[in-house]
Structure formats: C-alpha cells, structure tokens
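Structural overview for review
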Amino acid sequence: MASGRATSVSLTRAYLRRIEDLDVGGPALNAVRCVNPAALEEAVAADERRAAGGPGGPLLGIPVLVKDNIDVLGMPTTAGSVVLAESFPGADAPLVTRLREAGAVILGKANLTEFANYLTVGMPSGYSSLAGQVLNPYDLSVTPSGSSAGSGVAAAAGLAAVTIGTETDGSILSPASATSGVGVKPTLGLVSRTGIVPIASSQDTAGPMTRTVADAAALLTVLTGTDPEDPATSGNPLEGHDFTADLSSDALRGARIGVVAEQIPQDGTDERFLWDAALEALAGRGAELVALGLEARRRYDVASPVLSHEFKRDLDAYLARLPEGAPVRTLADVIARNAAQADVALKFGQTLALAAQARDLAPDSADTAEYRAARARDLEESRDRIDALMAAHDVTALLFVNSGSSSIGAKAGYPSVTVPAGYRAADRRPFNITFLGRAWSEPLLLGYAYDYEQATRLRRPPSAVNPTLVRRRSLALPGPRVAAAGR
C-alpha cells in the first residue's frame, strides 16, 4: 500500500471474497460470524488518509477481525448467543478505539464458543447457538479448540490480515496451537477489557492471533494501553512500548529457558519427535535449556468458585452498561431468555450459567468467603510457584507443549506466546511450543518466539497441510461411452 501497488479497498475486497469463498462457501469454515457493513467505507477512508500524506497510523488500511464478544459500535456484540443477537453497544471497546486510531479497518466479527465457553459443560469448542460450529481448516474432523476458535481459524485461513481473541484460560493459546498460529495471551492489564463480554476479571484478557510473530508484535503494540475504566491497566509499565523493536534473530542467545518436565511428550510419539526438534532448534540459537519440574497442582476447572462467582458479578456489570433497549440486563435475564427458546438456545444446556446465578455475591456470604479463599489459593499455586521456580533456576521463561501454560498462566495473570513447531507425521495436525514468563515479560517472550520462528520457519498454510480442503468436486455423472468410428 505504501508503494501504491495495492490499496486498502483492494485488500479489503480480497478478504471479503475469501470469506465468501472459504467461510460461507467451499469448506464453510464458519469462522466469521458477520462482516462489517461499513468495512469498505473504512477502507476508502484509509486510502484517503494515505493519499493525503498525513499521519496514518501503524495499521493504516489493514483489515482486522475481532472476536464477537468485543464491542464495535454499530454492530451487535453477541458472544455467540441468540439472546444477544440484537445487543448493540453504545460505544467501541477501548481496544477497538485503539485499532481505529491506528488506521485499521474493522472487517467483521469472528465466531466463538458461546459466552466464551462459560455457558455450559460439554459444548464443543467453536460452537454457538447463533452462528453454529467453527471448523478447523487443518483437519475438519478435529476441534478448532478454545473459545476464540473463529479468530484462530480466520487467521490460519487468511480471512483477515490479523485477528483478535480473548482468553480466560486457554482461549487464545489453545486455538492458536490447534490452527498452527501465533497467539499472545498478554499480562493481565496490558490490554483494556472494557467493552468485552466477560467471564472473570481476575483472568480475562484480549490478545493477538496471527500467522507470524511480527504481525502479533505489531498488533499488540496498538492494543496496549491504560484505560481509566479498567483498574488492572493502571500499573502497565509497557504503555507506548513498540513490541516490534523486540524482534531479533539473536534474542535466544544466552537466554536461560526452563523446560517443564511434566510437558515432555512420551518417547516414540510424533509429539516427542517435534518437541526434541524444537529443543534442538532453541539450543542451536544459543539458548541454555534447564530441566525443571513445575508440579502444577490443579488444571482448568470450570466449576471453580472463582470463575463462577466472577461470571455472575462481571456479566451483570457488562449488561447493565448497555444502552436503553438492550435485550437483557442480567445473567438471570439471559437464563430466562435461553429457557424460553430452549430448542434453539440450549442444545447443550446452561449448567454453568445456572451455577453462577445461584451464587450469593453479598460481601459477608459463605459463597463470597469461598470465592476469596479459592482466589488466594489460585495465586499461591500459580504466581507464587512460577516466581519461586524461575528464581530458583535463574530462568527468564518456561517452555510448554501447545497450550500447556494456559491454566497456571491464567490464574497468575502472566503472559504466554505460542508459535508453530511443525506437524505430526501420522495426521499432519499442528504442533506448537509456548513460552511463559513473569508479568510484563512480553518483550522477552516475543523475542524468543521470533528467533525460534525465524530459525525454523515451520508454519504451513492449511492448503499445504490439508490440500483436500479446497479441492472442488464434480458432481456430474460420466456420460455414456460412444463407440469409436469404424467399430
């Protein structure tokens, strides 16, 4: 675009055609819930800004898809729920404001697991009552994983330049790993959560989902910032930081990285071969690998009183802020509206919503006491364990398989970056490695991921790994054979 060989309009039109070809037609990936009806107008405005030669912003004219639990003015924020199909916010979420200030084109909304997978137990990743099931382009028979399934699949299949997901526990890292992508789960407070349909404010965050580390760094640079309505952002030491400046092919030289023993795959498996190859590549770039045991005591628990308690509290607060005429105002309203149209809304039930609604949020209640104790235990078993382990072994990051860092990192509020590390030989399903660090260590983690990515360059597009995805079939029957002349 800077050279004039392309425009934002031509790029936006190309992505809209690709969405039509692959997401609506073709394999029908169903990753995009809706496109922004003003996308081309925004692209025209971006081209005019560029032509005028004034300040354009670092994402000028770049089409971006955002997960459909993030507020965009003029579009409904549905969280994948039929109940919220007509729920229009009164303003952009601050992160969307930052995208617009950077010149980005809001291409549309990505499909997701309904209510970020906190409606019920047993709902498939990527399923929503409003928009249906997201499919994984690398293997249509396996899960796209995580609640940000649409964002991950859209990035993988090239339905937008970059996408944004959200994570409470694994919902960026897991779909990025399942779709051979780069995912950044930031430190809690690096990116504003205002204007995002929540699960739990002690763990929720938004972050980039892209095809390359450089794209993730560029997007994170724009998303980062303080927000007076989100107290977690008030202590952000990376305000205004340019994460693209941290990308170096020497970042791993001399780095001490802890290899988490519990994450090592079994001998003789495809995963073990890929894991060993990743360790060899890291060592080849000059990293010192330190074996250690994390011994995380508990993994993700959807029945956690922390998530259940905060879901009721935080969702009620989000819904209460909606403009006049909003379809629901409380979690109780959501439950009632779901029950009234159960044939459409409740294929998998709403057990988690019911459990959350049953909690007593009064400050002196037994439920609140249980919640506070559980949250303190989460911090002890995550943040305290990570800090002590990293200090004892003098390491700056921990290394995990795929999204293995998600639960302990989510409870701690610590950042992770996942990056493609190849494909299993038996079925070509993607394999990733993930770096986890202390709070505000994104500059280090992105540098490590970039150095590894540049050394290996293992990512392949879905069309190379799963070529039948876009192969067109002929449904015409062969005609009758005609005898050759003279026979």
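About the criteria used
Residues numbered from 1 in each chain as written. Predicted model: local features only at pLDDT ≥ 70, side-chain atom pairs only at ≥ 80, totals over all residues. Heavy atoms only, no water. Helix = DSSP H or I, 4+ residues; strand = E, 2+ residues; numbered from the N terminus. Rg over C-alpha atoms; globule rule 2.2 N^0.38 Å. Areas by Shrake-Rupley, 256 points an atom, 1.4 Å probe, with all protein chains shown as cover. Lys, Arg positive; Asp, Glu negative; His and termini not counted. Charge placed at Lys NZ, Arg CZ, Asp CG, Glu CD. Axes fitted to C-alpha atoms, helices over the stretch in contact; angles between N-to-C directions. Parallel < 35°, antiparallel > 145°, perpendicular 65-115°, else oblique. Contact = heavy atoms within 4.5 Å. Nonpolar A, V, L, I, M, F, W, Y, C, P; charged D, E, K, R; others polar. Buried < 20%, exposed > 50% of the residue type's maximum accessible area, 1.4 Å probe, protein only. pLDDT = per-residue confidence, 0-100. Expected span 1.5 Å × (residues − 1). Bend = angle between axes of the 7 residues up to and from the residue. Polar contact = N/O pair within 3.5 Å; in protein donor to acceptor, adjacent residues only side chain to side chain.

The helix and strand inventory of the protein stands at 15 helices and 13 strands. Radius of gyration (C-alpha) of the protein: 23 Å, near the 23 Å computed for a compact globule of 487 residues. In terms of overall dimensions, the protein has C-alpha extents of about 95 × 60 × 55 Å along its principal axes. When the accessible surface of the protein is split by element, carbon and sulfur atoms take 53% of a total near 19,400 Å². Side chains of the protein give 46 positive and 54 negative charges; the mean places of these two sets differ by 7 Å.

The next subject is the packing of helix H6 (residues 213-223) against helix H14 (residues 442-456). Look at H6 against H14: their axes get within 9 Å of each other, and the N-to-C directions meet at 160°. In terms of orientation, H6 lies roughly antiparallel with respect to H14. Here Val213, Ala214, Ala217 and Leu220 of H6 lie close against H14, whose contacting residues are Glu442, Leu446, Ala449, Tyr450 and Glu453. For the contact of H6 with H14, the class distribution of residues is seven nonpolar, no polar and two charged.

At Asp394, a position not held by glycine, the phi torsion is positive, near 55°. As for its placement among the helices and strands, Asp394 is situated in the loop between helix H12 (366-393) and strand S11 (397-401). Judged by its relative accessible area of 53%, Asp394 falls in the exposed class. With a phi close to 65°, Trp440 is a non-glycine residue in the positive phi region.

Across the protein, the average pLDDT comes to 95, with 95% of residues at or above 70. Under a pLDDT of 50 for its full length, residues 482-487 has, in the predicted model, zero contacts with residues more than four places off or in other chains.

Let us now look at H12. Look at H12: 40 Å from first C-alpha to last across 28 residues, which is about the 40 Å you get at 1.5 Å a residue. At Arg385, H12 shows its largest bend, some 30°. Taken together, the buried positions of H12 are Thr368, Tyr371, Ala374, Arg375, Asp378, Glu381, Ser382, Arg385, Ile386, Leu389 and Met390. At the C-terminal side of H12, Asp394 shows a positive phi close to 55°.

So, about helix H8 (residues 305-320). Taking 1.5 Å per residue, 16 residues should reach 22 Å; H8 reaches 23 Å between its end C-alpha atoms and fits that length. At Phe311, H8 shows its largest kink, close to 25°. Listed as buried for H8 are Pro305, Val306, Leu307, Ser308, His309, Glu310, Phe311, Lys312, Asp314, Leu315, Tyr318 and Leu319. Next to the buried residues of H8 lie helix H9 (331-340), helix H11 (351-357) and H12. Where H8 starts, the residue carrying a side-chain oxygen 3.1 Å from the main-chain nitrogen of Val306 turns out to be Ser304.

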